[in-house]
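Descriptive analysis of the structure
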Amino acid sequence: MKLSIYLSIISVLFISGCQTNNPVRVDLRQALLSPIATEEDFSRKGGLTSEQVKQRLIPIYEKAYLKGDHTVTRKLAMEYITSFGLDNRKKAKALFQELINKGNIEAKYFLAVGLKRGDFGELSHDKIELYHDYLETSHPEVIKNDKADAEAWRQIIKTNFSELSKVYLTGLEQCQQKIEELPLTLSPNESYLTLEYIANCLSKYSVGEDIVQRLDVIGQFQQLHCNIRSNNKPCISDGYAFLSSNKITDETSFESLEIISIALNDIYKHHKRRLKMYFPKERENLTSLSVATQLSKAAALQKAGKLEEAANIVKTMLASENMSTYDRAYCRLYLSIIILDFPDRDYDQVINYVLLAIEPNILNYEQQYQSIHLLANLYFLKEDYKKYIPAMLSLLDRTKEGKKLIPQKTFDNLTSLLGRAQY
């Protein structure tokens, strides 16, 4: 399995200090740059989860919207729909419909997919059918995945309804964000959307409490899907079984470490919003003007596809002895991004640059987080799971207290066997 590499650096060169008289932007800046610590702000040196940041932004957009500023409608709708809590997600439906009525066709995608997934607290397939032509043209993957999902669940119902019924019942009990139309018992004629919602609810919208049983049920849903496949590839359910049972030893095979890594990545993907990914500006280093100027030239060359020239600009700067520790760390991080664009990219070289960038622990907190995320993905691409797992655990350990995503015993066991990431 291969993962696409994605590194989001908020500002490639520097963070602008431009002023604005727009009241919404002023309020947003104040909310983000000067957060007031509370008991709910479980943090790493002041860090907030992206969900906590969202809860600071929503009231500002709501205030502006209620005053008649409908330029914030889409932003408010997106904050709602990407929220962890169902109450907020329900509010997004009316806003997306409002956007559609005003000619925003992209809102059709969010409304159709949100109803299919139950994001608004209801399950419906009608918008997928109503907007079929639009989706097939602009988002063909929606139509393709919808057909594939429906067919897969139909096969499972046809071939293993008895087992599916048991898994559904257990999953219904574990789902922490139930919607009203979920049946207490499963019928062979039940819409596949119901089954999909329970599986998604367990994976995306349930945390803490009985982690072992929840991971076990997620694995059972995955296994039912694997049972109808014709290939002999390992099933991700095995990875969830390892995490829930904690049967991981020094003798665990390479294949087992691979499937554990895939399961950890799946958990991370579904719960990024609950991790400490955002940090107030209590440590905001900026690149020096001379370095920023050269990086600007490198960025233009990179965009133009002149990767060798872009890389040489950064390498020339790194060869200088007159660089601050932050400038040097940032340039190493930026050089790793350029190298990843090369067709014959050298992952070992990229990993070396990222490690050197992380080592002095001077990057801004968001940059440090993104660097660790990148490093984890690189280890995965190299199939170096003994390094990937500690890196991923260091990310998953950023969740709120009492809301762990894997059992503590499993976390401690993996850390004991593979070591703790030193960054």
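These figures come from a predicted structure and were not determined experimentally. (Residues numbered from 1 in each chain as written. Predicted model: local features only at pLDDT ≥ 70, side-chain atom pairs only at ≥ 80, totals over all residues. Heavy atoms only, no water.)

What about the overall build of the chain?
Note the following rule: Under the DSSP-based scheme used, a helix requires at least four consecutive residues in state H or I and a strand at least two consecutive residues in state E, with every element numbered from the N terminus. For the exposure calls, accessible area comes from a 1.4 Å probe over protein chains only, and a residue counts as buried if that area is under 20% of its type's maximum, exposed if over 50%, partly exposed in between. Any pair of residues with heavy atoms lying within 4.5 Å of one another is described as a contacting pair.
Assigned secondary structure in the chain consists of 19 helices and two strands. Buried positions account for 51% of the 423 residues belonging to the chain. Contacts in the chain between residues at least 24 apart in sequence constitute 67% of all its contacts with a sequence separation of at least 6.

Some details on the layout of surface pockets
As a reminder of what qualifies: Grid points spaced at 1 Å over the protein atoms alone were grouped into cavities, where a 1.4 Å probe fits but cannot get out, and pockets, open sets with protein on both sides within 12 Å along at least five of seven lines, with lining residues defined by an atom within 4 Å of a point. Grid points are joined across faces, edges and corners, and a volume is the space filled by probe spheres set on the points. In this classification, Asp, Glu, Lys and Arg are treated as charged, Ala, Val, Leu, Ile, Met, Phe, Trp, Tyr, Cys and Pro as nonpolar, and every other residue, Gly included, as polar.
Estimated volume of the second largest pocket: approximately 210 Å³. Together, 14 residues line the second largest pocket, and Leu-393, Ser-394, Asp-397, Arg-420 and Tyr-423 are the ones closest to its centre. Within the residue set of the lining of the second largest pocket, elements represented by two or more residues are helix H18 (385–396) and helix H19 (408–418). With three residues, H18 is the largest single contributor of residues to the lining of the second largest pocket. Looking at the lining of the second largest pocket residue by residue, the classes come out as six nonpolar, three polar and five charged.

Description of the nonpolar core
As a reminder of what qualifies: The set of buried Ala, Val, Leu, Ile, Met, Phe, Trp, Tyr and Cys residues whose side-chain atoms join them within 4.5 Å is what this entry labels a nonpolar core.
One finds Leu-164, Phe-221, Leu-243, Leu-264 and Val-314 to be the most contacted residues of the largest nonpolar core, which totals 95 residues. Ranked by residues supplied to this core, first place goes to helix H15 (residues 325–340) with ten residues. Setting aside anything within four residues of it in sequence, one finds Leu-264 in contact with Leu-243, Ile-389, Met-392, Leu-393, Leu-396 and Ile-406.

Notes on H15
Since there are 3.6 residues in each turn of an α-helix, residues three or four apart along the chain are aligned in direction. Using the following cut-off: For a helix, the expected span equals 1.5 Å multiplied by the number of residues minus one.
Between its first and last C-alpha atoms H15 spans 23 Å; for 16 residues at 1.5 Å apiece the expected length is 22 Å, and the two agree. H15 sits mainly inside the fold: 13 of its 16 residues count as buried.

Quick look at the side chain of Ser-83
Residue placement: Ser-83 occurs in the loop between helix H3 (73–81) and helix H4 (86–101). Here Ser-83 is in contact with Glu-51, Lys-54, Gln-55, Ile-58, Asn-88, Arg-89, Tyr-205 and Arg-273, once residues within four sequence places are set aside.

Overview of the pattern of salt bridges
Pairing between side chains becomes possible if they bear opposite charge and their charged atoms approach one another. Filter applied, for reference: The term salt bridge refers to a side-chain nitrogen of Lys or Arg lying within 4 Å of a carboxyl oxygen of Asp or Glu.
As enumerated under the stated definition, the model contains eleven salt bridges in all. We note a salt bridge from Lys-91 to Glu-62, for which the minimum N-O separation is 4.0 Å. Remark: Glu-62 occurs in helix H2 (residues 50–66) and Lys-91 occurs in helix H4; sequence separation between them is 29 residues. Look at Lys-91 and you get partly exposed, because its relative accessible area is 41%. Owing to a relative accessible area of 23%, Glu-62 belongs among the partly exposed residues under this scheme. For Asp-266, the salt bridge is made with Lys-269, and the minimal N-O distance between the two is 3.4 Å. Here Lys-269 and Asp-266 lie together in helix H12 (residues 254–271), a separation of three residues that amounts to about one turn. Overall, Lys-269 belongs to the partly exposed group, its relative accessible area being 49%. Because the salt bridges share partners, they merge into one network encompassing Lys-116, Asp-146, Asp-149 and Glu-196.

Looking at helix H11 (residues 236–245)
With seven of its ten residues buried, H11 lies for the most part within the structure. Those residues of H11 not exposed but buried are Ile-236, Ser-237, Gly-239, Tyr-240, Phe-242, Leu-243 and Ser-244. Of the residues trailing H11, Asn-246 is marked for its positive phi of about 65°.

Quick notes on the packing of H2 against H3
Helix packing geometry: the angle between the two helix axes and the distance between the axes. Definition in use: Helix axes are fitted to C-alpha atoms over the stretch in contact, other axes to C-alpha atoms as well, and angles between N-to-C directions run from 0 to 180 degrees. In this scheme, a crossing is called left-handed if the near helix is turned counterclockwise away from the far one by less than a right angle; it is called right-handed if the turn is clockwise.
One can describe the packing of H2 onto H3 by two numbers: an axis separation of 9 Å at closest approach and a directional angle of 145°. Taken as a pair, H2 and H3 cross one another with a handedness that is left-handed. On H3, the residues touching Lys-54, Leu-57, Ile-58, Tyr-61, Glu-62 and Tyr-65 of H2 are Thr-73, Lys-75, Leu-76, Met-78, Glu-79 and Tyr-80. The residue makeup of the contact of H2 with H3, split by class, is seven nonpolar, one polar and four charged.

What to know about the packing of aromatic side chains
Worth spelling out the cut-off: Pairing of aromatic rings covers Phe, Tyr and Trp, the last through its six-membered ring, and needs centres within 6.5 Å; plane angles under 30 degrees mean stacked, over 60 mean edge-to-face, and all others mean tilted.
One pass over the full model with this rule turns up nine aromatic pairs. With centroids separated by 5.4 Å and ring planes inclined at 10°, the aromatic side chains of Phe-96 and Phe-110 adopt a geometry described as stacked. Here the residue Phe-96 occupies a position in helix H4, and Phe-110 occupies one in helix H5 (residues 106–117), the gap between them amounting to 14 residues. What makes Phe-96 buried here is its relative accessible area of 1%. Here Phe-380 and Tyr-385 contribute two aromatic rings whose centre-to-centre distance is 5.5 Å and whose plane-to-plane angle is 75°, an arrangement assigned as edge-to-face. Members of the aromatic cluster, connected to one another through ring pairs, are Phe-96, Tyr-109, Phe-110 and Phe-120.

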